Structure formats: C-alpha cells, structure tokens
Amino acid sequence: MALGCRQGGRWCGRAPLGRPVLRRRPPAARVAEGVEAGSPARPYAAAGGDEAASGEELLEVCWRRHFLRGGAEPRPALPWRAYLSGCHPGFGPLGVALRGNLAAQWWDSALAFREQVFAVDAPLHGPPAAGAPRAGQGFRLVHSETLGEALQGKGCSREPGGPSLEEVLGTAGMLRESLLPGALAQYVSCLELVNKRLPCGLAQIGVCFHSLPESEQLNRSLRRIGERTTSLLAWFSSPRTAGQWLDYWLRQRLQWWRKFAVGPSNFSSSDFQDEEGRRAFNLHYSFPWGTETIETLKNLGDTELLQMYPGDSSKLLGRDGRKNVIPHVLSVSGNLDRGVLAYLFDSLQLAENPLTKKKNSQRKVLKLHPCLAPLKVALDVGKGPTTELRQV
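Rules behind the numbers
Residues numbered from 1 in each chain as written. Predicted model: local features only at pLDDT ≥ 70, side-chain atom pairs only at ≥ 80, totals over all residues. Heavy atoms only, no water. Pairing = 2+ DSSP bridges. Helix = DSSP H or I, 4+ residues; strand = E, 2+ residues; numbered from the N terminus. Core = buried A, V, L, I, M, F, W, Y, C linked by side-chain atoms within 4.5 Å. Buried < 20%, exposed > 50% of the residue type's maximum accessible area, 1.4 Å probe, protein only. Contact = heavy atoms within 4.5 Å. Phe/Tyr/Trp six-rings, centres within 6.5 Å; stacked < 30°, edge-to-face > 60°. Lys NZ or Arg CZ within 6 Å of the ring centre and 35° of its normal. Axes fitted to C-alpha atoms, helices over the stretch in contact; angles between N-to-C directions. Parallel < 35°, antiparallel > 145°, perpendicular 65-115°, else oblique. Left-handed = near helix turned anticlockwise from the far one by under 90°.

A few words on the pairing of strand 11 (residues 290–301). In this structure, strand 10 (residues 279–287) lies alongside strand 11, joined through eight bridges in antiparallel fashion. Its bridge partner being in strand 11, F287 is matched across the sheet by G290. One ladder, built from six bridges, connects strand 11 with strand 14 (residues 328–335); its direction is antiparallel. Paired with G301 across the strands is V329, a residue of strand 14.

Attention shifts here to the nonpolar core. Grouped burial of nonpolar side chains is what soluble globular proteins tend to show. F267 and L341 are the most contacted members of the largest nonpolar core, which has 54 residues in total. Among the elements that line this core, the one with the most residues is helix 4 (residues 93–111), at eight residues. Filtering out sequence-adjacent residues up to four positions away, L341 remains in contact with L68, W80, Y83, L84, F91 and F287. Counting 23 residues, the second-largest nonpolar core is a separate cluster that includes C190, L202, I326 and V329.

Our focus in this paragraph is the packing of aromatic side chains. The description of an aromatic ring pair rests on the distance of the ring centres and on the angle between the ring planes. Overall, the coordinates contain 20 aromatic pairs when judged by the stated rule. Each ring, one from W256 and one from F260, has its centre 5.4 Å from the other, and the planes form 85°; the classification is edge-to-face. Here the two residues W256 and F260 agree in accessibility, since each one is buried. Among the aromatic residues, those joined into a ring-pair cluster are W80, Y83, W256, W257, F260, F267, Y285, F287, W289, Y343 and F345. The ring of W256 is capped by R253, whose NZ or CZ atom sits 4.4 Å from the centre of that ring.

Below, the discussion takes up the pairing of strand 7 (residues 200–211). Within strand 7, ten of the twelve residues are buried, which leaves the element mostly enclosed by the surrounding structure. Bridging between strand 3 (residues 117–119) and strand 7 involves three bridges; their strand directions are parallel. Paired with V117 across the two strands is G201, which belongs to strand 7. Bridge count between strand 7 and strand 8 (residues 225–237): twelve bridges; the pairing is antiparallel. Directly across from F209, in strand 8, lies its bridge partner E227.

Attention shifts here to the packing of helix 4 against helix 11 (residues 336–347). Where helix 4 contacts helix 11, the two axes come as close as 10 Å, and the packing angle between them is 110°. One way to sum up the angle between helix 4 and helix 11 is to call them roughly perpendicular. Along this stretch, helix 4 crosses helix 11, giving a crossing that reads as right-handed. Contact residues: helix 4 offers L98, R99, L102 and A103, while helix 11 offers L336, D337, G339, V340, Y343 and L344.

This paragraph deals with the sheet that holds strand 11. Taken in spatial order, the seven strands line up as 3-7-8-14-11-10-9 in an open sheet, and their pairing is mixed. Two strands close off the open sheet at either side, each with one partner strand: strand 3 and strand 9 (267–273). Strand after strand, the sheet turns through a mean of 30° between neighbouring axes, direction not considered. Bridge count between strand 9 and strand 10: seven bridges; the pairing is antiparallel. Among the inter-strand pairings, F267 is bridged to a residue of strand 10, identified as Y285. Sitting on the sheet, helix 4 is in contact with strand 3, strand 7, strand 8 and strand 11, with an inclination near 150° to strand 7. Set on the sheet, helix 11 makes contact with strand 7, strand 8, strand 9, strand 10, strand 11 and strand 14; between it and strand 10 the angle comes to about 40°.

Structure, rendered in structure tokens:
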C-alpha cells in the first residue's frame, strides 16, 4: 500500500496570490474529504432546518477544520456576515490554502493562452491624488503619533507651526479601495508591449479596503472598515466591440465559477446599470439566506482612462484595424474571499458514516473540487481485500 499526501500539489498547483504559474490540467474526478469512493452523499442544505439555513453548523465545521478563524466554544463567535463583509480575524491555514488555489486557478483563466494579457502589481497605499484632496474622502494612512498631535492641536494650546488635522489628512497616504486605478496607471506600458494593438488586458490580485454598511457598524460615531482579496481583469477594447467583449467575459466568468461547484446552478448572473447608466453585470452565489455578489463586470467606457491621463490623449490611442481609437475599459472585479465562502457552502455534504453500525449515522464532509482542495491525498491499496482500507 502506498499513501501520499501533499499540500498544494502538482495536480492543479498553487501559486502565491501575486504570481501566476502554469500547471497541468486537473483530473475530472472529484475528491471528498473523508469520503470513500461510492459513499452516498447529499448536499447539506437539502437537509433543511434552521441551522442549515443560517449556516451555523458549517461555521463549526470550518472553524474546527481550520478553514476559518474566530471560533469559540460551543459555537463560532462571529456570524457569517462578518466573514462576508471582510471584518474578521482572517482565514485559517486550510482557508488560506483554499484561497491560494482559487487565486491560482484565476491566474490560469486570465493569463493562460492569452498573449495580450499581462500581470501587474501596484502598492497597497499611495500618495494623495493630484490636486487638493478632500480630507474626508477615502481611507488615510496616518501614524498614530502624528494624528494625536493634530488632534491635540485643535484647541488653543497648539504650538505655532504644528500641523492641523486637515493638513495631516490632506498629505497622508491613501489605502486603495480598488485595483482599477493601479492597473490603469500601467495602461500605456501595456499598449507598447502589444504594439498598440487592441484588445489587450491587465490582471492583478491584491487586498483592497472598504467601508462597512451602516447596518453593520457597531458604533454610529465610528466607522469600521473591512478588507477583501480582490481579483481584477482590466480589458481594453475598441468602442465598436466593447459590448461583445462584455458578453464574452460574462459567459466565461460564469462558466469558470460553475466548473468547480458541486451545485453549479447556485451561481447566477444579473444585469444592472451603474450611476452613470453604463451596462454592467453581477455574478451571485445563492447562500441559504440569500444571494451575495462575488464578481462584478462593467463597461466603463473611456472616462476612467481620460481622467487618469488628462491633457494629452494621443498616447492612449490603440489600433483597431486601420483606425486609432481610445479604448473602452471593461472591468472584471471579483471578491476571492467571498468565493472561498461560496465554495465552502457548496461543498458541505452529509455522508453515511461507514465506521459505525448505527443507522442514520451521518457525518459532515467538505466535497471540494480537486483543484481547490488544500490537501491532496493519493491511496494505492494494491491487491487483496480493500474494503477496510477504503474506509480509512
């Protein structure tokens, strides 16, 4: 008998969040943690009940098996909303590995066989935007001592020449809320690499910050922020074909999310228009309490590019056949943290326990796709009686 176990593994491979790698195609078989071949299993959500609808038992499973952090006996202390909003202690070791595998698959889908797509990177924080930024906008990166001095200076005792609160916030660095500005800043370099031929794209994965909704604020006078691991594909195409490309990426992304799922129908899409009337789509996952957005696709037109490069627009021109045009930007932005939670819900199964003689004895297992499973195990039982070995 040969037993092998490897984290990450070369089956599907796993790369750090910021680096794409090439890997072999995964096998078609699906692996269930702790379930032998042929063992009957059914989705946990089909069992019904209040705990299945609220996801409390899945929280227990994920905490006990170190996919999520923040648990407390006898129940996890944090609700699902805290994990969905990005205001939680973080993922456990296996959750980090699962997210890394999901990111590696995303890199494959964005870069594999696409010579016109380039991986980019941008700092987590940067200097204030050009012009005179308003102190009340965005998330600022300020040293606590500097902020304390500025707050003390609000009274009459402020030393002459000391910074005011407005000056401190106006010159402080800004934490990014989206990957798009950093990608657009590298558009001209991307255009040169493809000899100014459209379409082309830029891909990135990184952490972004966001403000929590008012309904999730613990104190109305203090605003809390959350963080999320975001994937972005910025696709630049001619205005003539932008609508066709948006439909194309909608089909590709929905198919991509569904191919790793036990229940593909739980992933769906809906169209909407943003504040400026531009066409967009949301991709959702149907959690027991309702749908949550995991990815958004937008046709942003050329507005963001022209704002990023004011004045000289000639360097933005790309070739569409014989014409030179300013491209439209298609943004495909996903929330990988929510994607991990969606696949955890999707993978939870109830299976008969073969190690006990009790009737109706069931156990909860996570039936993750081999590409996403954080641990890969191969078992060669050889010849002879194998029933007991399959149950191990």
